[in-house]
Amino acid sequence: MIDMFLQDILPNVLKILLIVVPLMLSVAYLTYAERKVIGYIQVRIGPNRVGLWGLLQPIADALKLLLKEVIFPAKSNLYLFLVAPVLAIGPALAAWAVMPFDDGMVLANIDAGLLYILAITSMSVYGVVIAGWASNSRYAFLGALRSAAQVVSYEIAMGFALVGVLIAAGSLNLGEIVLAQQGGFWHWYFIPLFPLFIVYFISGVAETNRAPFDIAEGESEIVAGFHVEYSGMAFAIFFLAEYADMILISMLAATLFMGGWLSPFDGIPVLESFFSWVPGLVWLLGKTAIFLFLYLWFRATFPRYRYDQIMRLGWKVFIPVTLVWLVIVSTAQVFDIGPWFTESAVITAGGG
Amino acid sequence: MESVIFYIFAAILLFAATMVITVRNPVRAALFLVLAFFTSAGIWLMLEAEFLAISLVLVYVGAVLVLFLFVVMMLDIDLAPLKEGFTRYLPLGIIVAALIVVEMIAVLNAPQFDISAAQATDGSNTKMLGRLLYTVYVYPFEIASVILTVAIVAAITLTLREHHRKLQDPAKQVMVKSADRLRMVDLRSKKQDGEGSES
Amino acid sequence: MNYQVPNMLFALPEMVMLAMACVVLLFVAFTGNRKIQWSYGLSQLSLFAVLMTVIFSWGDTGTTFSATYIKDSLSDILKIAICLINMCVLLYSVEYLRARQLLQGEFYVLALFATLGMLIMVSANHFLTLYLGLELLSLCLYAMVAMHRDSVIATEAAMKYFILGAIASGMLLYGMSIIYGITGSLMLQEVAAAVYSSSSSDTILSFALVFIIIGIGFKFGAVPFHMWLPDVYHGAPTAITLFIAAAPKVAAFALLIRLLVDGLIDLQTYWQPMLMLMAVLSMIIGNVVAIAQTNIKRMLAYSTISHVGFLLMGVLSGTDAGYAASLFYTLIYALMTLATFGVILLMSRYGFEADNIDDYKGLSSQHPWLALLMMILMFSMAGIPPLAGFYAKLGVIKAVVDVDMMAVALIAVVMSVIGAFYYLRVIKVMYFDKTEEKCEFTYSGPAAFVLSINTLLVLALGIFPGLLMSICSTVFS
């Protein structure tokens, strides 16, 4: 028993901690970055009081939330009210299990990694829905309904976009998908799969209920939507889950469409050797940061969508676009077009 | 170790499935159904059927039951009529259920189900499944897709009511005259005896 | 695994049907109900095209799509029947639907997809294909019954049909899954071989068989699984009732033959008594309860139940001649039902359903031709020589007599005599009851013409049953 603990369980627990702790820190500083970025976009300074340039602000926020009282609304469904934040944070963390940070640097190298991520992220909606229902509040309930409809709709477009990636890469394993993009940045999938790339990222924004798709919160319409009744740590957990999901979606976009840990200078004569010392993790984090910045930029720029506009965009624009592009990708794959579809023609040959 | 995990999953699954049909609140029933699906996905994972397990979670937990919840949450079901007749039909129900249980125990005890033959193959069964679906089972697979298409057509046929749609016609709005909206009625105040009727 | 590229030509009827159904779907989606005539024409054209592909490939046999699909003479003849029946159904129902604002493009789309489901069923060589075809058909039928959304009884009928149908499908699937668990295959021939070679006790197989029989019984509407049938026949708009009553029974016959005869023939000792019970009960309940009905659609529903009983009789005999007799019965039944509902559809106009037996009072004096047609049909359904219904009943009774099931044959004869009562009552109402009301309606056009031919065919097949009978017997030899 102890042997098994030392050999199997302990290393995995350590690895999990190695992912979760930095993730939590990233979430904390993502909120700081958000306030700063939006502040500068709106010609303000943003938080600058706590610590140097306000750098300790997230710590102060976390402490404040920790010490606040969690209030249970009257006539709420107490059990579900408490389960909801757990259901929100659980999938947001579990999805990281299959994320490759560098070649071989992955907690669980499973074959159906992409499917796993889709399945786990699709569950994050339960946190929102249950929170909205259990709160026994009209606003929270409206938020839950909006979120349920929105997430289910955009999951389809997102799934189709990912199908394009897996056709191109010939694998569901995230590591293999990255390796299939080797050979310079013009091999990355954002070029041949450009429409899918756009659809994926926008659907990702919608899946995480972020602006301009934040109708589930909609603070100007339904106060704060599904988490209007939550306070203190319970609220903080929703917050954590949302930001962890944002980072996940951004890192997935980097992995699936931007070559993951691969250096952008691969295949360029001088620069390739010049930058060869940089670890893959840095490139991955850099690419992720670009997408995270896009998230913040969207929030500062776009007004919120109306509910029916969201539905129209999802069903009538994204799904047809992805379907058409899937046909194109499949055709390209069969006929070995460009530098993208040549290496991985294994599955189409059918004789493997 | 594995059998311990299996029994834990199986116990949760049975508990959740029982709760689905006994719990009073439909929303909680739906949530227990989610739990049941999730644990059965776990059991499938233990059988190395990872594709099936993941698609179960993806399709049922991630999409079907969300929509289910969506509908159930909006319903305001009065549970009293549903309970009516429960005790009246209970004896008959118990007898039938007991008969079925006895029958199934008698029948399914026979050692004919060769479960070992159903072990998963080595390697990625996602790839194997995909290859089978698009070659040997391509015909049933296509029929299944037709069924889904028909389901959409049927659902739209039964729910879309074109003539009840509220549409604004700007041209009509511009052309509207005051007489269309306002009707002038001559309401002569009754003369009360002596007193004015202003107040 | 060895995989051979399938010979798509075998499945040409299904592919044409699917392609045309999608064309009609798109056409309807883009034109709405403005060009409903075109949708109608396209639907007829697609059924005709399918008919042609079947006729021109007549005689080729074999399996394809890794043996999930079979083309044999049974599938050919059933497909021809299904296409012809559905062409007539569409023709008869146009005016009825138009008068009730039900003539929508979706009707044609669903009808074509339902036809596709039937084609798939009759050509299935695999439990999976069989089940999927059945589901495709059922799904379309549920939606069609519910199409009249403002009608309370139609909605109720659709609800009953849907719930009971879903339970039946579940039963069927459960039985199939047990069979898969034992034999390790879902392909009919492999299942048959595995059942044949399994020397151990058949307890589990017969357990699975029970579920499969329940599923089939539900789809046919055989007693004791007949509860949905009268409500659905009564509740659905008559045109939809016609659609449900005619061709799906032909497809259900294929389901029965494929499952029990092609797949589980070695369990005959188990399914024979079950079918016998269902057949006898159906004949008794169907015929006796039909007497009490005042609504002609309900009466025809119970009459269908009794016909199902007769039809099952041929199959339960377990001989080739019995199967052929059942096939003949199925085709004749479809023909008679088609024409009977055709008459009802022709008589009903806006605000008048013509579904009470009293509505037929004095029909003979006002519309003698229509009354004559109805009389031929009623006589044929009652099994009076020399009409087609007589030979159909004779064939199945002979089949059970040949295997020494005298009691079943006796019950069948007694029941057909009892059944004659309510058919003759309709004739009595038409010819001998007088009414002051004038039933004002005119009938003309292609529907009436085809209806006449359809009815005369019942007469002709009664006088010259030999050709169709010999075709039926070559199918099973």
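Residues numbered from 1 in each chain as written. Chains lettered and ligands numbered in written order. Predicted model: local features only at pLDDT ≥ 70, side-chain atom pairs only at ≥ 80, totals over all residues.

Participant: Help me get a handle on the overall build of chain C, residues and values and all.
Facilitator: Along its length, chain C carries 20 helices and 2 strands. Relative to the compact-globule value of 23 Å for 477 residues, chain C shows a C-alpha radius of gyration of 21 Å, a close match. Projecting the C-alpha coordinates of chain C onto the three principal axes gives extents of approximately 70 × 55 × 40 Å. The proportion of buried residues among the 477 residues of chain C is 58%. (Helix = DSSP H or I, 4+ residues; strand = E, 2+ residues; numbered from the N terminus. Rg over C-alpha atoms; globule rule 2.2 N^0.38 Å. Buried ≥ 20, exposed ≤ 12 C-beta atoms within 10 Å, placed from the backbone.)

Participant: I'd like a description of the overall build of chain B, backed by residues and values.
Facilitator: Of regular secondary structure, chain B possesses 9 helices and 0 strands. Going from N to C terminus, chain B has its helices and strands arranged as α-α-α-α-α-α-α-α-α. Counting every position in chain B, which comprises 199 residues, the buried fraction comes to 17%. Counted over contacts in chain B with a minimum sequence separation of 6, partners at least 24 positions apart contribute 54%. (Contact = placed C-beta atoms within 7 Å.)

Participant: Kindly report on the environment of L459(C), identifying the contributing residues and their values.
Facilitator: Residue and element names in this part refer to chain C. Relative to the assigned elements, L459 resides in helix α19 (residues 445-463). The sequence separation of L459 and P385 amounts to 74 residues, and the corresponding C-alpha distance is 9.6 Å. When neighbours within four sequence positions are excluded, L459 is seen to be in contact with I376 and L387.

Participant: Describe unusual backbone geometry, with residues and values.
Facilitator: Residue and element names in this part refer to chain C. Following V223, the chain continues into P224 via a peptide bond in cis, with omega recorded as 5°. Here P224 lies in the loop between α8 (203-220) and α9 (228-235). In this model, P385 is joined to P386 through a cis peptide bond whose omega is 5°. Locating P386 in the fold gives a position in the loop between α16 (368-382) and α17 (388-402). For A67, which is not glycine, the phi torsion reads 65° and is therefore positive. Taking the C-beta count within 10 Å as the criterion, A67 has 19 such neighbours and is therefore assigned partly exposed. With a phi angle near 60°, D404 is a residue other than glycine that sits in the positive phi range. Mapped onto the fold, D404 is located in the loop between α17 and α18 (406-432).

Participant: Describe the interface of chain B and chain A, listing the residues and the values that go with them.
Facilitator: With 17 residues of chain B at the interface, the matching set in chain A holds 19 residues. Counting only elements with at least two residues in the side of chain B that touches chain A, the list comes to α2 (26-46) and α3 (50-74) of chain B. With 13 residues, the single largest contributor to the side of chain B that touches chain A is α3(B). For the side of chain B that touches chain A, a count of residues per class yields 13 nonpolar, 3 polar and 1 charged. (Nonpolar A, V, L, I, M, F, W, Y, C, P; charged D, E, K, R; others polar.)

Participant: An account of the environment of L129(B) is requested, with residue identities and associated values reported.
Facilitator: Note that L129(B) resides in helix α6 (residues 125-134). Distance in space between the C-alpha atoms of L129(B) and I143(B) is 17 Å, their sequence separation being 14 residues.

Participant: Give a detailed account of the interface of chain C and chain B, specifying residues and quantitative values.
Facilitator: Buried accessible area, meaning the area lost when the parts come together, often serves as the stated size of an interface. The interface of chain C with chain B comprises 35 residues on the first partner and 20 residues on the second. Within the residue set of the side of chain C that touches chain B, elements represented by two or more residues are α1 (12-31), α4 (105-122), α5 (127-146), α6 (152-183) and α8 of chain C. The element that contributes the greatest number of residues to the side of chain C that touches chain B is α5(C), accounting for 10 residues.

Participant: Explain α2(B) to me, using residue names and the numbers behind them.
Facilitator: For α2(B), spanning 21 residues, the distance from its first C-alpha to its last is 30 Å, which sits close to the expected 30 Å at 1.5 Å a residue. Those residues of α2(B) that sit buried are V27(B), L31(B), L33(B), V34(B), A36(B), F37(B), T39(B), S40(B), A41(B) and W44(B). The secondary structure elements touched by the buried residues of α2(B) are α4 (113-134) of chain A together with α1 (2-22) and α3 of chain B. In the stretch just after α2(B), E48(B) is the one whose phi turns positive, near 65°. (Expected span 1.5 Å × (residues − 1).)

Participant: Describe the UniProt feature "transmembrane region" (unreviewed entry) in chain B, with residues and values.
Facilitator: Residues and elements named next belong to chain B. With numbering aligned to this structure, UniProt lists the feature "transmembrane region" (unreviewed entry) at residues 6-23, 30-47, 53-77, 89-108 and 137-160. Helix makes up 94% of residues 6-23 and strand makes up 0%, while its end C-alpha atoms are separated by 25 Å. Between the end C-alpha atoms of residues 30-47 the distance is 26 Å, and the span holds 94% helix and 0% strand. (UniProt positions renumbered as here; feature names shortened; annotations may be inferred.)

Participant: Outline the nonpolar core, listing residues and values.
Facilitator: The biggest cluster of nonpolar side chains holds 204 residues, and the ones touching the most others in it are L110(C), M121(C), L136(C), C140(C), V145(C) and A251(C). Those residues in contact with L136(C) that lie beyond four places of it in its chain are I143(B), V146(B), I147(B), V150(B), F113(C), L116(C), G117(C) and I120(C). Counting residues in each nonpolar core, the second largest holds 125 residues, with A131(A), A161(A), M258(A) and A49(B) among its members. (Core = buried A, V, L, I, M, F, W, Y, C linked by C-beta atoms within 7 Å.)

Participant: Can you lay out α9(C) for me, pointing to particular residues and giving the numbers?
Facilitator: All names here are of chain C. The element α9 is extensively covered by neighbouring structure, given that 8 of its 8 residues are classed as buried. Considered for burial, the residues of α9 that qualify are W228, L229, P230, D231, V232, Y233, H234 and G235. Buried residues belonging to α9 abut α5, α6, α10 (238-245) and α13 (296-316).

Participant: Kindly report on the packing of helix α5 (residues 138-169) of chain A against helix α7 (residues 194-207) of chain A, identifying the contributing residues and their values.
Facilitator: All names here are of chain A. At a minimum axis distance of 9 Å, the contact between α5 and α7 shows a crossing angle of 150°. Judged by the inter-axis angle, α5 sits roughly antiparallel to α7. Handedness of the α5/α7 crossing: left-handed. Between α5 and α7, the contacting residues are Q150, V151, Y154, E155, A157, M158, A161, L162 and G164 on the first element and L196, V199, Y200, S203, G204, A206 and E207 on the second. Each residue belonging to the contact of α5 with α7 can be placed in one class, and the counts come to 10 nonpolar, 4 polar and 2 charged. (Axes fitted to C-alpha atoms, helices over the stretch in contact; angles between N-to-C directions. Parallel < 35°, antiparallel > 145°, perpendicular 65-115°, else oblique. Left-handed = near helix turned anticlockwise from the far one by under 90°.)

Participant: Describe in detail the packing of α1(C) against α4(C), supporting the description with residues and values.
Facilitator: Packed helix pairs are specified by the crossing angle of their axes together with the interaxial distance, meaning the distance between the axes. Residue and element names in this part refer to chain C. Viewed as axis vectors pointing N to C, α1 and α4 meet at an angle of 165°, and their least axial separation amounts to 9 Å. Relative to α4, α1 is oriented roughly antiparallel. For the element pair α1 and α4, the recorded crossing hand is left-handed. For the pair formed by α1 and α4, the contact residues are P13, E14, M17, L18, M20, A21, V24, L25 and V28 on the first element and G105, E106, Y108, V109, L112, F113, T115, L116, L119 and I120 on the second. Residue composition of the contact of α1 with α4, grouped by class: 15 nonpolar, 2 polar and 2 charged.

Participant: Can you lay out the environment of V72(B) for me, pointing to particular residues and giving the numbers?
Facilitator: All names here are of chain B. Assignment of secondary structure puts V72 in helix α3. Looking at V72, the number of C-beta atoms within 10 Å reads 18, which means it is partly exposed. Spatially, the C-alpha atoms of V72 and L187 are 51 Å apart, while their sequence positions differ by 115 residues.

Participant: Which residues make up the confidence of the model for chain B, and what values do they have?
Facilitator: Mean pLDDT for chain B: 79, with 79% of residues reaching 70 or above. Per-element averaging of pLDDT across chain B places helix α4 (residues 79-83) of chain B at the bottom with 65 and helix α7 (residues 138-159) of chain B at the top with 91. (pLDDT = per-residue confidence, 0-100.)

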